[in-house]
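Topology and contacts: notes
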Amino acid sequence: EDQVTQSPEALRLQEGESSSLNCSYTVSGLRGLFWYRQDPGKGPEFLFTLYSAGEEKEKERLKATLTKKESFLHITAPKPEDSATYLCAVQARYRDDKIIFGKGTRLHILP
Amino acid sequence: EPEVTQTPSHQVTQMGQEVILRCVPISNHLYFYWYRQILGQKVEFLVSFYNNEISEKSEIFDDQFSVERPDGSNFTLKIRSTKLEDSAMYFCASSEGVVTGELFFGEGSRLTVL
């Protein structure tokens, strides 16, 4: 069964303190791994797609990387507005109409 | 900017009643989805819909649930005979295709079953 496990569940950082969020996945033939951001009471908002091991994507203070078993979301010098839940999701090659999400990491950036 | 809209934003219903949640996906999108999120838990896949039929569904999506695209713009989720455990936020999403994994989510419909 396809699975996505994220760690830590929650993370509190001081403004400017860089860190990384982890996403471990098990999927029968990965088509894509995705990162989303979810603010309280809102729907998830797409950030990145990664397709193959070694790939990296960047957007402002965020950088996503992918290996054969896990993905990292690196946050460099975060600001309070980066506070949100970050969700990792995967899509299997032969079930590409279904994207499954992990539980997410709740990130809180203190000013 | 185009967006997915959902109605109602909040619905309270009695156990056993039927509920219809409505969504208007982005107009040129071809794939439509329903997800749900029980408070404090993960976003769970319910169903995907393409070319006027269900393309994939989860174990959660049993005979109690049905989806429909009645008029080419709306996409609805019907829950028959609601149970307490159906209380959740229900998100509709749409996408142009399946390759990029870029789903556009609505703001959600919060369902409370009493």
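Residues numbered from 1 in each chain as written. Chains lettered and ligands numbered in written order. Predicted model: local features only at pLDDT ≥ 70, side-chain atom pairs only at ≥ 80, totals over all residues. Heavy atoms only, no water.

1. Details of the overall build of chain B
Assigned secondary structure in chain B consists of zero helices and eleven strands. Projected onto its principal axes, the C-alpha coordinates of chain B cover approximately 40 × 25 × 25 Å. Within the span of chain B, comprising 114 residues, buried residues form 47% of the whole. Residue pairs at least 24 apart in sequence account for 53% of intrachain contacts in chain B once pairs closer than 6 positions are excluded. In the structure as shown, chain B presents an accessible area of about 5,800 Å², 46% of it carried by carbon and sulfur atoms. Looking at charge distribution, chain B has the averaged site of its 9 positive side-chain charges lying 6 Å from that of its 16 negative ones. (Helix = DSSP H or I, 4+ residues; strand = E, 2+ residues; numbered from the N terminus. Buried < 20%, exposed > 50% of the residue type's maximum accessible area, 1.4 Å probe, protein only. Contact = heavy atoms within 4.5 Å. Areas by Shrake-Rupley, 256 points an atom, 1.4 Å probe, with all protein chains shown as cover. Lys, Arg positive; Asp, Glu negative; His and termini not counted. Charge placed at Lys NZ, Arg CZ, Asp CG, Glu CD.)

2. Side note on the pairing of strand β4 (residues 31–37) of chain B
Residue and element names in this part refer to chain B. Counting buried positions along β4 yields seven of seven residues, so the element is predominantly enclosed. Along β4, one buried face is formed by Tyr31, Tyr33, Tyr35 and Gln37 and the opposite face, lined by Phe32, Trp34 and Arg36, is buried too. What sits between the antiparallel neighbours β4 and strand β5 (residues 43–50) is a turn of five residues, in which Gly40 has the positive phi angle 80 degrees. Sheet topology places β4 next to strand β9 (residues 88–95); seven bridges connect them, and they run antiparallel. Following the sheet pairing, Phe32 is matched in β9 by Ser94. (Pairing = 2+ DSSP bridges.)

3. Quick notes on the environment of Gln64(B)
Residues and elements named next belong to chain B. Within the fold, Gln64 resides in the loop between β6 (53–57) and β7 (65–68). Look at Gln64 and you get buried, because its relative accessible area is 9%. Side-chain polar atoms of Gln64 contact the backbone oxygen of Ser81, separated by 3.3 Å. A distance of 2.6 Å separates polar atoms of two side chains, one belonging to Gln64 and the other to Asp86. (Polar contact = N/O pair within 3.5 Å; in protein donor to acceptor, adjacent residues only side chain to side chain.)

4. Some points on the sheet that holds strand β7 (residues 62–66) of chain A
In any sheet, the strands associate via hydrogen bonds between backbone groups, in a parallel or an antiparallel arrangement. All names here are of chain A. The sheet built from five strands is open, its strands ordered β1-β3-β8-β7-β6 with antiparallel pairing. A single partner strand is all that each edge strand has here, and the edge strands are β1 (3–7) and β6 (56–59). Averaged over all pairs of adjacent strands, the angle between strand axes in this sheet comes to 15 degrees, irrespective of strand direction. (Axes fitted to C-alpha atoms, helices over the stretch in contact; angles between N-to-C directions.)

5. Looking at the packing of aromatic side chains
In this structure the tally under the stated criterion is 14 aromatic pairs over all chains. A centroid spacing of 5.5 Å and a plane angle of 90 degrees characterise the contact between Phe101(A) and Tyr35(B), whose relative ring orientation is edge-to-face. With Phe101(A) in strand β10 (residues 99–101) and Tyr35(B) in strand β4, this residue pair bridges two chains. Of the two residues examined, Phe101(A) and Tyr35(B), each falls in the buried class. Following the ring pairs from residue to residue traces out a cluster consisting of Tyr36(A), Phe46(A), Phe101(A), Tyr33(B), Tyr35(B), Phe45(B), Phe91(B) and Phe105(B). (Phe/Tyr/Trp six-rings, centres within 6.5 Å; stacked < 30°, edge-to-face > 60°.)

6. What to know about the interface of chain A and chain B
Contacts between chain A and chain B engage 21 residues on the former and 21 residues on the latter. Counting each side, the surface lost to burial between chain A and chain B is near 1,800 Å², with a carbon and sulfur contribution of 53%. Contact with chain B buries area across many residues of chain A, yet Asp97(A), Ile99(A) and Phe101(A) alone supply 30% of it, more than any other trio. For the pair chain A and chain B, the number of links is one salt bridge. (Buried area = accessible area lost by both parts, 1.4 Å probe. Salt bridge = Lys/Arg side-chain N within 4 Å of Asp/Glu carboxyl O.)

7. Section: the sheet that holds β7(B)
All names here are of chain B. The antiparallel open sheet is built from four strands, whose spatial order is β1-β3-β8-β7. Unpaired on one side and paired on the other, β1 (5–7) and β7 mark the two borders of the sheet. On average, each strand axis in the sheet is inclined to that of its neighbour by 15 degrees, with strand direction left out of account. Where β1 lies against strand β3 (residues 19–24), three bridges are found, and the strand directions are antiparallel. Paired with Thr7 across the bridge in β3 is Arg22.

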